[in-house]
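An overview of the molecular structure
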Amino acid sequence: MAIFGSAVYLSTILLEKNRWNGKGPSLLVSDWMEEAGEAGFAGLEIWMNHLLFSSRSEWELIKERSAEADLPVSLISATLPADGSDKSQRFRESVLEACDYFRPDGLKFSLADAKNTGLDSLEFVKEWSRDVPREISLLYDGGENAGPEALETARAALTGGRYQAVLHPFLFTPKELEAALDAAGDFVTNLGVQAKQGGQWILLEENADANLRIMAAARAKDFKGTWSLEFTKGAGIAGENIEKLFDNAEKDLNFIIEAQTRSAQGRSSKRK
């Protein structure tokens, strides 16, 4: 659902209990598209492993149900290796194939080696990404703690209009978020939604006042990009339940929609 210019996407990694254990995906994206469309999400951000380990018939079904549910594949997210091994090369080729097939608005990428996030890796990605269809934007995700310095490094390396960046606003204080957006300007076009308390992911409504201040800070800096729900309450705990994760994602979606609606109504009242 697009609220006053801001689209809110559902990332499929939010639903995936095997996101870190190496066992391979536990769900088919196509099984959740109708529910995601009915919940009001404006599009999907599909985790690359959900495409890498699925059949071409599943790819076809995703595209078919995307049209039926009016739920576009808006982003593909991938952790890109920047080395020359055969395995890494095959993975990057699969990412290119997925981009060519689904033609998302953007490819959201992070770097596989968390210790190697400097200019060399970013320059490698820039060279490789020349084969990504030109109409697809490239969104750099520097991770949960990527603040002004990381954004400035990325912006210096990733010159050109198709390169953009991701921030995780609910992991910052309002002042930290404002500083990051000041440093990045219009380089940041996507906000990855995940909120934590005591080391565990929580619902946005569970820390509502603080999270509303974060959203106000984004508005104050005139952010008009997209939002992606990446993690929510219940992720990463024992007995992780996909139905509960989806329900919680819907609660977070509604929190964002309601906050933006109230803000827009407030601005409208002031103009009268």
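Scroll up to find the structure.
As the structure is a prediction and not an experimental result, all values here were calculated from the model.

**Brief notes about a negative patch on the surface**
On the surface, a cluster of negative charge is made up of E34, E35, E38, E60, E64, E68, E243 and D247. Among the elements of the structure, α1 (33–39), α3 (56–68) and α9 (242–271) are those that each provide at least two residues to the negative patch. One can find E34 in helix α1. Take E34: its relative accessible area is 56%, and that puts it in the exposed class.

**A look at helix α4 (residues 86–102)**
Residues separated by three or four positions in an α-helix point in the same direction, a consequence of the helix having 3.6 residues per turn. For α4, built from 17 residues, the straight-helix expectation of 24 Å at 1.5 Å per residue is met to within 8% by its first-to-last C-alpha distance of 24 Å. Taken as a whole, α4 has its buried residues at S88, F91, R92, S94, V95, L96, A98, C99 and F102. Once α4 finishes, R103 follows within two positions and takes phi at roughly 50 degrees, a positive value.

**Describing the pattern of salt bridges**
Oppositely charged side chains can form a pair if their charged atoms are brought close together. Counted according to the given criterion, the structure contains 12 salt bridges. With a closest N to O distance of 2.9 Å, E97 and R56 form a salt bridge. Taken together, the residues E97 in helix α4 and R56 in helix α3 connect sequence positions 41 residues apart. K221 is the partner of D182 in a salt bridge, and the nearest nitrogen-oxygen pair spans 3.1 Å. You can see D182 sitting in helix α7 (residues 174–184) and its partner K221 sitting in the loop between α8 (208–220) and β11 (226–229), a full 39 residues away along the chain. According to the relative accessible area criterion, K221 is partly exposed, its value standing at 35%. Residues joined by salt bridges that share partners form a network here, namely E45, K108 and E230.

**Some words on the pairing of strand β7 (residues 163–167)**
Within β7, 5 of the 5 residues are buried, which leaves the element mostly enclosed by the surrounding structure. Every second residue of β7 is oriented toward a common face, with Y163, A165 and L167 on one face and Q164 and V166 on the other, all of them buried. Where strand β6 (residues 137–141) meets β7, 4 bridges bridge the pair, whose relative direction is parallel. Note on β7: the bridge partner recorded for D141 is V166. Following the backbone out of β6, through helix α6 (residues 148–157) and into the adjacent parallel β7, one traces a crossover that is right-handed. Across 3 bridges, β7 lies against strand β8 (residues 188–193) in parallel orientation. Paired with V166 across the bridge in β8 is N190. Chirality of the crossover, the property in question, places the unit of β7, α7 and β8 among those that are right-handed.

**So, the nonpolar core**
Grouped together as the largest cluster of nonpolar side chains are 77 residues, with contacts concentrated most on F41 and L107. Y9, A42, L75 and L139 belong to the second largest nonpolar core, which has 6 residues in total.

**Quick notes on unusual backbone geometry**
Not every positive phi belongs to a glycine, and R103 is a case in point at roughly 50 degrees. Secondary-structure assignment places R103 in the loop between α4 and β5 (106–111). The phi torsion at D222 lies on the positive side, around 65 degrees, for a residue other than glycine.

**As for the side chain of N18**
With respect to the helices, strands and loops of the structure, N18 is situated in the loop between β2 (6–11) and α1. Owing to a relative accessible area of 12%, N18 belongs among the buried residues under this scheme. Filtering out sequence-adjacent residues up to four positions away, N18 remains in contact with K23, G24, P25, S26 and W47.

Conventions we followed
Residues numbered from 1 in each chain as written. Predicted model: local features only at pLDDT ≥ 70, side-chain atom pairs only at ≥ 80, totals over all residues. Heavy atoms only, no water. Patch = residues over 30% accessible without salt bridge, like charges linked within 9 Å, V, L, I, M, F, W, Y side chains within 5 Å. Areas by Shrake-Rupley, 256 points an atom, 1.4 Å probe, with all protein chains shown as cover. Salt bridge = Lys/Arg side-chain N within 4 Å of Asp/Glu carboxyl O. Lys, Arg positive; Asp, Glu negative; His and termini not counted. Charge placed at Lys NZ, Arg CZ, Asp CG, Glu CD. Helix = DSSP H or I, 4+ residues; strand = E, 2+ residues; numbered from the N terminus. Buried < 20%, exposed > 50% of the residue type's maximum accessible area, 1.4 Å probe, protein only. Expected span 1.5 Å × (residues − 1). Pairing = 2+ DSSP bridges. Right-handed = clockwise from strand over helix to strand, strands pointing away. Core = buried A, V, L, I, M, F, W, Y, C linked by side-chain atoms within 4.5 Å. Contact = heavy atoms within 4.5 Å.

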